[in-house]
Amino acid sequence: MPHTMSRTGDVLAGFHAAWGFESDSVLIRYERGIRTPKLFQALGERRVPLEAIEGVTLAPGRRGTVVLRLEPRPGADPLMEAAAGQLKESSDPYRLVLPAERETLAEYYADELRALLTESGPAERHLVAPPEAPLQFKAYDGKAGFDGTAVSFRWFWTGASSAKWKAGDQRFPIGELSGVEWRSPEVFEGHLRLLRRDAGAPPAQADQDPAAVVFGLGYGPVHESLPFAAAVLAAVRTSAPVPAVSAAGRRDPADIAERIRHLGELHQAGLVTDEEFSSKKAELLSEL
C-alpha cells in the first residue's frame, strides 16, 4: 500500500513563506511583507507536484534558524531552468527558513516527504506551472512584453543601440524560438536573449542583438525578468514551430510615423547611411 502523509493538509509556516502538504504536492504560499524577497512576492503561490521533487534537505541556517529545502528535478520547473543556478540563496523559492526551535517538526515533514518521493533525474517536461502571461518589464534599452503567443521588444530612444534602431521594434512568435537565455541583472552584462530556430549564431554582445534586451541598474530586476523568461521558456517547450509569415501584421500608423521620425534623426546624426535610411523607411511604410 503506498505511503501517504499522516498529516496531509498541514501547513508549516516559516520566514516569508508557508508550505502546505498535500497527498500529491506541496503548496507554497509566499508572504507579501516589505521584507519578503521581491521574487517571492511576484510568484505569490506555487504548487510543486511530488513528481517534480527528487530530494529534501534540512540544514542549519544563519542566526538561529534551520532551512528546509526541496530539491527539484532538473527540467521540472521552468523558473529554475531559466535561472540556471544564478539565484541568490535568499531568493531560492524552494527554501523554507524556520526558527531553530522548530527543527524537530521540520525533520518530521522532511522524513514524510522523502517517503513519498519516487522520481529522480531530469524531467521530460515541465511539471511546475510557469508564471502566467501577459507579462512585461522595462529593460535598459527597451520594453519587453509577452502575451502568451509572442514576445515583443519596443526600443527606447535613450538606451537602444543604433543596431537595434535600424532593425526596428521586434515581435517573435513562440513557434520561431528554441529557448531563452537569462543572465541575472545582478551580474555583469545581464540580459534576456531569445534563441531563434535556424537563425545562426547571435551577436556576441546583447546590446547589438535585436533578439535581446539588456539590463542595468534598476532595469530588468530579477522579480520581473526571471518570471518573464520562465513563462516564455515554458511556452517554447510546449509549442510547435510556426511559419515566420504568421508574425506579419498591420502596425499602428502612429507607431510607424514615430519609428520613421527616429530613423530620420539617426540618419541626420550620421548613424544610418542614405541607403539604410531609404531601405528601412520603405520597409516601415510597407507595414501600413
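Whatever comes next refers back to the structure up there.
Here we summarise the structure given alongside this text. (Residues numbered from 1 in each chain as written. Predicted model: local features only at pLDDT ≥ 70, side-chain atom pairs only at ≥ 80, totals over all residues. Heavy atoms only, no water.)

## So, the overall build of the protein chain
Link 1 in the chain: The number of helices and strands found in the protein chain is seven helices and 14 strands.
Link 2 in the chain: On the protein chain, roughly 15,000 Å² of surface is accessible, and the fraction owed to carbon and sulfur atoms is 51%. (Helix = DSSP H or I, 4+ residues; strand = E, 2+ residues; numbered from the N terminus. Areas by Shrake-Rupley, 256 points an atom, 1.4 Å probe, with all protein chains shown as cover.)

## Focus: the sheet that holds strand E8 (residues 135-138)
Link 1 in the chain: The strand order across the open sheet built from four strands is E8-E9-E10-E11, with neighbouring strands paired in antiparallel fashion. Of all strands in the sheet, those bounded by a partner on one side alone are E8 and strand E11 (170-173). The mean angle between the axes of side-by-side strands here comes to 10°, regardless of whether they run parallel or antiparallel.
Link 2 in the chain: For strand E9 (residues 142-146) and strand E10 (residues 150-155), the ladder comprises five bridges, and the chain directions are antiparallel. Considered in E10, the bridge of Phe 146 is made with Val 151.
Link 3 in the chain: Each of E8, E9 and E10 is contacted by helix H5 (residues 222-238), which is oriented at about 140° to E8, the strand it contacts most. (Pairing = 2+ DSSP bridges. Axes fitted to C-alpha atoms, helices over the stretch in contact; angles between N-to-C directions. Contact = heavy atoms within 4.5 Å.)

## Describing the nonpolar core
Link 1 in the chain: Within the largest apolar cluster, 65 residues are counted, with the highest numbers of intra-cluster contacts made by Val 26, Val 151, Phe 153, Leu 192, Leu 194, Leu 226 and Val 232.
Link 2 in the chain: Here this core takes 10 residues from H5, the largest share from any one element.
Link 3 in the chain: Filtering out sequence-adjacent residues up to four positions away, Leu 192 remains in contact with Phe 137, Phe 153, Val 180, Glu 181, Trp 182, Ala 211, Ala 212, Val 213, Phe 215, Ser 225, Phe 228 and Ala 229.
Link 4 in the chain: Core analysis: the next-biggest nonpolar cluster, separate from the first, contains five residues, Ile 256, Ile 260, Phe 277 and Leu 284 among them. (Core = buried A, V, L, I, M, F, W, Y, C linked by side-chain atoms within 4.5 Å. Buried < 20%, exposed > 50% of the residue type's maximum accessible area, 1.4 Å probe, protein only.)

## Some details on unusual backbone geometry
In terms of backbone geometry, most residues other than glycine have negative phi values and most peptide bonds are trans.
Link 1 in the chain: The residue after Ala 133, namely Pro 134, is reached through a cis peptide bond having omega 5°.
Link 2 in the chain: By the element assignment, Pro 134 lies in the loop between helix H3 (103-116) and E8.
Link 3 in the chain: Despite not being glycine, Glu 189 has its phi angle at roughly 60°, a positive value.
Link 4 in the chain: Within the secondary structure, Glu 189 sits in the loop between strand E12 (177-183) and strand E13 (191-196).

## Comments concerning the pattern of salt bridges
Link 1 in the chain: Tallying each qualifying case throughout the model produces 11 salt bridges.
Link 2 in the chain: When the shortest N-O distance is used, the salt bridge between Glu 45 and Arg 29 registers 3.0 Å. Taken together, the residues Glu 45 in strand E4 (residues 45-49) and Arg 29 in strand E3 (residues 25-30) connect sequence positions 16 residues apart.
Link 3 in the chain: The salt bridge involving Arg 114 is made with Asp 111; its shortest N-O contact spans 2.8 Å. Placement of both Arg 114 and Asp 111 in helix H3 is noted, with a separation of three residues, approximately one turn of the helix.
Link 4 in the chain: By relative accessible area, Arg 114 is classed as partly exposed at 35%.
Link 5 in the chain: Judged by its relative accessible area of 40%, Asp 111 is partly exposed. (Salt bridge = Lys/Arg side-chain N within 4 Å of Asp/Glu carboxyl O.)

## Regarding the sheet that holds strand E7 (residues 95-99)
Link 1 in the chain: The three strands lie next to each other as E5-E6-E7, forming an open sheet whose pairing is antiparallel. Strands with a single pairing partner mark the edges of an open sheet, and in this sheet they are strand E5 (53-60) and E7. For this sheet the average axis-to-axis angle between neighbouring strands, irrespective of direction, equals 15°.
Link 2 in the chain: Bridge count for strand E6 (residues 65-72) against E7 is five bridges, and the pairing is antiparallel.

## Re H3
For an α-helix, 3.6 residues make a turn, and residues three or four places apart therefore share a direction.
Link 1 in the chain: A rise of 1.5 Å per residue sets the reference length of H3, with its 14 residues, at 20 Å; its end C-alpha atoms lie 20 Å apart and thus fit the reference within 8%.
Link 2 in the chain: Every buried residue belonging to H3 is among Ala 106, Tyr 109, Ala 110, Glu 112, Leu 113 and Leu 116, and all of these are buried. Down the axis, H3 shows its buried residues gathered within 165° of arc, on one side only.
Link 3 in the chain: Those residues of H3 hidden inside the fold are in contact with strand E1 (11-13), strand E2 (17-21), E3, E5, E6 and E7. (Expected span 1.5 Å × (residues − 1). Arc of directions from axis to C-beta.)

## Section: H5
Link 1 in the chain: With 17 residues, H5 should cover 24 Å at 1.5 Å per step; its first-to-last C-alpha distance of 24 Å lies within 8% of that length.
Link 2 in the chain: Taking burial as the measure, the 17 residues of H5 include 13 buried ones, the bulk of the element.

## Some remarks on the environment of Thr 238
Link 1 in the chain: When you line up the elements, Thr 238 lands in helix H5.
Link 2 in the chain: The sequence separation of Thr 238 and His 126 amounts to 112 residues, and the corresponding C-alpha distance is 9.1 Å.
Link 3 in the chain: Within the structure, Thr 238 has its side chain in polar contact with the backbone oxygen of Ala 234 (distance 3.2 Å). (Polar contact = N/O pair within 3.5 Å; in protein donor to acceptor, adjacent residues only side chain to side chain.)

## Some words on the side chain of Thr 65
Link 1 in the chain: Counting through the fold element by element, Thr 65 comes out in strand E6.
Link 2 in the chain: In contact with Thr 65, not counting residues within four places along its chain, are Phe 15, Pro 60, Val 97, Leu 98, Pro 99 and Ala 100.

## Some words on the environment of Pro 253
Link 1 in the chain: Along the chain, the position of Pro 253 falls in helix H6 (residues 253-268).
Link 2 in the chain: Classification of Pro 253 by relative accessible area gives exposed; the value is 56%.
Link 3 in the chain: Along the chain, Pro 253 and Leu 284 lie 31 residues apart, while their C-alpha atoms are 9.8 Å from each other.

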